[in-house]
Amino acid sequence: TELNNSVNVANATVTSTATTVNASERGVTVQKTIRNYLILTSLAGAIPIPLIGDLMVIPLQMKMMMDLGKIYGFNLDKTTVKAMLGSLGVGTGARIAVSSLAKFVPGWGSVVGATAAFSTTYALGNVATQYFESGGNLSIDSFKKAFQEKKEEGKKEYEKSRNQIEANKEVAKQLEDLGKALKAGKITQGQYDEEVNKINSSL
């Protein structure tokens, strides 16, 4: 399958950095990376404007996967990550449509979007970590099973973290403004990515 081929390519590009980084230091970096993306994707998912926030979440999740890969010495490209997300049903048009429709209900739609973004990012972060720690040897079936389990766990974790995430009002405003500017063609995708990276670094 496409995922198998992508995983094989990714596995072949493991570099020596995976063995030179102290395990405990790497663990701290991994957790901080996932935490930052949990904040970013939840805030993006909560943007009350249909489609804008939803279409921002997937690229952020892809970037998280690539960033986590680098920590473990994996050099993943977008095609590889898309295949991995596709195998899990992340980024499907149906999911985005449901989330976007929910945005037409003030307040409730934002909670739905934030919860969905948080739970999928939480699951992806945890499953990706398992995958990279296994050296790329986690089976696809195990990958899918772990993702579903962590996604359910992520919904509960969002409720625990909700107040802390929602406290980032300035970041939420920045993301919303960037999303609007990108959709209106006022900034390029490259400029958008650069600004989001700056926000990520400031968290």
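Everything that follows concerns the structure shown earlier in this document.
About the criteria used
Sequence positions are assigned chain by chain, starting from 1 and proceeding in written order. Given that the model is predicted, a residue must reach a pLDDT of at least 70 before its local features are reported, and side-chain atom pairs must reach 80 or more before they are shown or counted; all residues, however, enter totals for whole chains, interfaces and linings. Derived side-chain values reflect all non-hydrogen atoms in the structure, with water molecules and hydrogen atoms excluded from consideration. Only DSSP runs of H or I with at least four residues qualify as helices, and only runs of E with at least two residues qualify as strands; both kinds are numbered from the N terminus onward. Burial classes: relative accessible area under 20% of the type maximum marks a residue as buried, over 50% as exposed, and values in between as partly exposed (1.4 Å probe, protein chains only). Each accessible area is a Shrake-Rupley result for a 1.4 Å probe, and residues are judged covered by the shown protein chains and nothing else. The way it works is a 1 Å grid over only the protein atoms, where trapped points that fit a 1.4 Å probe form a cavity and open points with protein on both sides within 12 Å along at least five of seven lines form a pocket, and then any residue with an atom within 4 Å of a point lines it. Grid points are joined across faces, edges and corners, and a volume is the space filled by probe spheres set on the points. Side-chain atoms within 4.5 Å are what join buried Ala, Val, Leu, Ile, Met, Phe, Trp, Tyr and Cys residues into a set we call a nonpolar core. Residues count as neighbours in contact if any of their non-hydrogen atoms are within 4.5 Å of one another. Each residue after the first adds 1.5 Å to the expected span of a helix. Only the contacting stretch of a helix is used when fitting its axis, a line to C-alpha atoms as for every element, and angles between N-to-C directions run 0 to 180 degrees. Oblique is the label for any angle not under 35 degrees, not over 145, and not in the 65 to 115 range, which are roughly parallel, roughly antiparallel and roughly perpendicular in turn. When residues are sorted by character, Ala, Val, Leu, Ile, Met, Phe, Trp, Tyr, Cys and Pro go into the nonpolar class, Asp, Glu, Lys and Arg into the charged class, and all the rest, Gly among them, into the polar class. Any pair of Phe, Tyr and Trp rings, taking the six-membered ring for Trp, is counted once the centres come within 6.5 Å. Such a pair is stacked with planes under 30 degrees apart, edge-to-face with planes over 60 apart, and tilted for the rest.

Trainee: For this particular structure, what's the right way to read the overall build of the chain?
Mentor: For the chain, the helix and strand inventory stands at 10 helices and 0 strands. Along the chain, helices (α) and strands (β) appear in the sequence α-α-α-α-α-α-α-α-α-α when read from the amino end. Within the chain, the fraction of its 203 residues that count as buried is 45%. Working note: accessible area of the chain is about 10,100 Å², and carbon and sulfur atoms make up 56% of it.

Trainee: Could you clarify how one ought to interpret the layout of surface pockets in this entry?
Mentor: To find the voids left in a structure, one rolls a probe of water-molecule size over its atoms. Considered as a void within the structure, the largest pocket measures approximately 380 Å³ in volume. Forming the boundary of the largest pocket are 19 residues, of which Pro 59, Met 62, Lys 63, Lys 78 and Asp 193 lie nearest the centre. Going through the elements one at a time, α3 (23–45), α4 (52–71), α5 (78–87) and α10 (189–202) are the ones with two or more residues in the lining of the largest pocket.

Trainee: It is not clear to me how the nonpolar core should be interpreted in this structure. Could you clarify?
Mentor: Within soluble globular proteins, side chains that are nonpolar tend to cluster in buried spots. Ranked by size, the top nonpolar core spans 51 residues in total, and within it Leu 40, Leu 68, Leu 85, Leu 124, Phe 132 and Leu 175 carry the most contacts. Apart from the residues within four sequence positions on either side, Leu 68 is in contact with Val 30, Thr 33, Ile 34, Gly 125, Ala 128 and Phe 132.

Trainee: Please explain helix α9 (residues 169–183) as it appears in this structure.
Mentor: Count 3.6 residues to each turn of an α-helix, and residues three or four apart come out pointing the same way. The end-to-end C-alpha distance of α9 is 21 Å, a good match for the 21 Å that 15 residues give at a rise of 1.5 Å each. Taken residue by residue, α9 has Val 171, Ala 172, Leu 175, Glu 176, Leu 178, Gly 179 and Ala 181 as its buried positions.

Trainee: I keep staring at the packing of α9 against α10 and nothing clicks. Help me out?
Mentor: A packed helix pair is summarised by two numbers, namely the angle formed by the two axes and the spacing between the axes. Two elements in contact, α9 and α10, have axes separated by 10 Å at closest approach and are oriented at 175°. Here α9 lies roughly antiparallel to α10, going by the angle between them. Contact residues: α9 offers Val 171, Gln 174, Leu 175, Leu 178, Gly 179 and Leu 182, while α10 offers Gln 189, Tyr 192, Glu 195, Val 196 and Ile 199. Tallied by class, residues from the contact of α9 with α10 come to 7 nonpolar, 3 polar and 1 charged.

Trainee: Hey, could you run me through the packing of aromatic side chains in this one?
Mentor: Given two aromatic rings, one states the distance between the centres and the angle between the planes to describe the pair. The full count for this structure, using the stated rule, is 7 aromatic pairs. The interplanar angle of 15° and the centroid separation of 6.2 Å between the aromatic rings of Phe 118 and Tyr 122 together place this pair among those described as stacked. With Phe 118 and Tyr 122 both in helix α7 (residues 108–133), this residue pair falls 4 residues apart, about one helical turn. In this structure Phe 118 comes out as buried when scored by relative accessible area, which is 3%. Exposure remark for Tyr 122: the relative accessible area of 12% places this residue in the buried category. Here the aromatic rings of Tyr 131 and Phe 132 are separated by 5.4 Å at their centres, their planes lie at 65°, and the arrangement is edge-to-face. Taking relative accessible area as the criterion, Tyr 131 reaches 1% and is therefore assigned buried. Aromatic ring contacts, followed pair by pair, group Tyr 72, Phe 74, Tyr 131, Phe 132 and Phe 143 into a single cluster.

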